[in-house]
Amino acid sequence: MSGSPIRVLLVDDHAMLRAGFRTILDTQPDITVVGEAETGADAVAKASALRPDVITMDVQMPDMDGIEATRLIVADPEVGAAVVIVTTFDQDDYLYQALDAGASGFLLKNGGAEDLIAAVRALAIGDGMLAPEVTRRVLARFAAGSPTAAPAGPPAATPAPSPAAGRPPSPELSEPLTEREADVLALLADARSNAEIATALFIGEATVKTHVSRILQKLGARDRVQAVVLAYRLGLA
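Quick caveat: nothing in here was measured; it's all calculated off a predicted structure.

Colleague: Help me understand the nonpolar core in this model?
Modeller: Note that soluble globular proteins tend to have their nonpolar side chains buried in a common cluster. If you look at the biggest cluster of nonpolar residues, it comprises 29 residues, and the most contacted ones within it are V11, I55, M57, I73, I85 and F106. Those elements that place two or more of their residues in this core are β1 (6-11), α2 (40-50), β3 (54-57), α3 (66-75), β4 (82-87), α4 (92-101), β5 (105-108) and α10 (224-233). When residues of this core are assigned to their parent elements, the largest contribution, 6 residues, is made by α4. Leave out the neighbours within four places in its chain, and I85 touches M57, V59, G66, T70, A98, A103, G105, F106 and L107.

Colleague: What is the right way to look at the pairing of β1 in this model?
Modeller: Regular strands place side chains that alternate from one sheet face to the opposite one. The buried fraction of β1 amounts to 5 of the 6 residues, a majority that puts the element mostly inside the structure. By the bridge criterion, 6 bridges tie β1 to strand β2 (residues 31-37) in an arrangement that is parallel. In the sheet register, I6 faces β2, and the bridge partner there is I31. One crossover worth recording links β1 to the parallel β2 by way of helix α1 (residues 15-26), and it is right-handed.

Colleague: Looking at this structure, how should I read α2?
Modeller: Residues spaced three or four apart along an α-helix face the same direction, because each turn holds 3.6 residues. Restricting attention to buried positions, one finds in α2 the residues G40, A43 and A47. End-on, the buried residues of α2 take up no more than an arc of 45°, which puts them together on one face. Buried residues along α2 sit in contact with β1, β2, β3 and α3. Looking one or two residues past α2, R51 carries a phi angle of roughly 50°, positive in sign.

Colleague: Help me understand the environment of I6 in this model?
Modeller: Within the fold, I6 resides in strand β1. Residues I6 and V33, spaced 27 residues apart in sequence, show a C-alpha to C-alpha distance of 8.2 Å.

About the cut-offs
Residues numbered from 1 in each chain as written. Predicted model: local features only at pLDDT ≥ 70, side-chain atom pairs only at ≥ 80, totals over all residues. Heavy atoms only, no water. Core = buried A, V, L, I, M, F, W, Y, C linked by side-chain atoms within 4.5 Å. Buried < 20%, exposed > 50% of the residue type's maximum accessible area, 1.4 Å probe, protein only. Helix = DSSP H or I, 4+ residues; strand = E, 2+ residues; numbered from the N terminus. Contact = heavy atoms within 4.5 Å. Pairing = 2+ DSSP bridges. Right-handed = clockwise from strand over helix to strand, strands pointing away. Arc of directions from axis to C-beta.

As structure tokens, then:
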């Protein structure tokens, strides 16, 4: 973002909640709220008009829900915003449908202000963020091969067999992962941070970032969250 603040669009049908989010985010020197929307359709229109970097998206709204709005926003290459779902509903169906729709994060509204701020910053630099209380559950569900209870989007790719590191390329990979990249991806799938991956593999954080960047490129993933989803679907994790 190099000097310019992170531009955020707030989407929720409750004005009081939007006001609370605005108060939290606008106090940060590196974040600015550029707009608000109270319906999914309004969110799609304002995302196109305002070109925010990050969108906080409610799920249940009149006219169009947040899952469908996310799908439309992510599918528009002219927008380029990352979406974090923020909801009171800690339900697996919402989580998996949000990930299928292209969301890069999932937070619960009962979380702290620091979680919201951290999510906005993470998504702005291309990382994803899942609420700590749901991270392990969603990864376990993907690992079990049942990513969605009611898929909301294109069907998942048929998982490939799980070969060892240095595996042959999947049809979804632009080129095979190196052994080290496979190690990094396995730790990403275990919800490890860059610092934790660096410690586990005895390498520097800058090297981890380079590996993560190459993994995203080879998988065609937008961010770490989508990389983990694809890794499970392809049998790479």
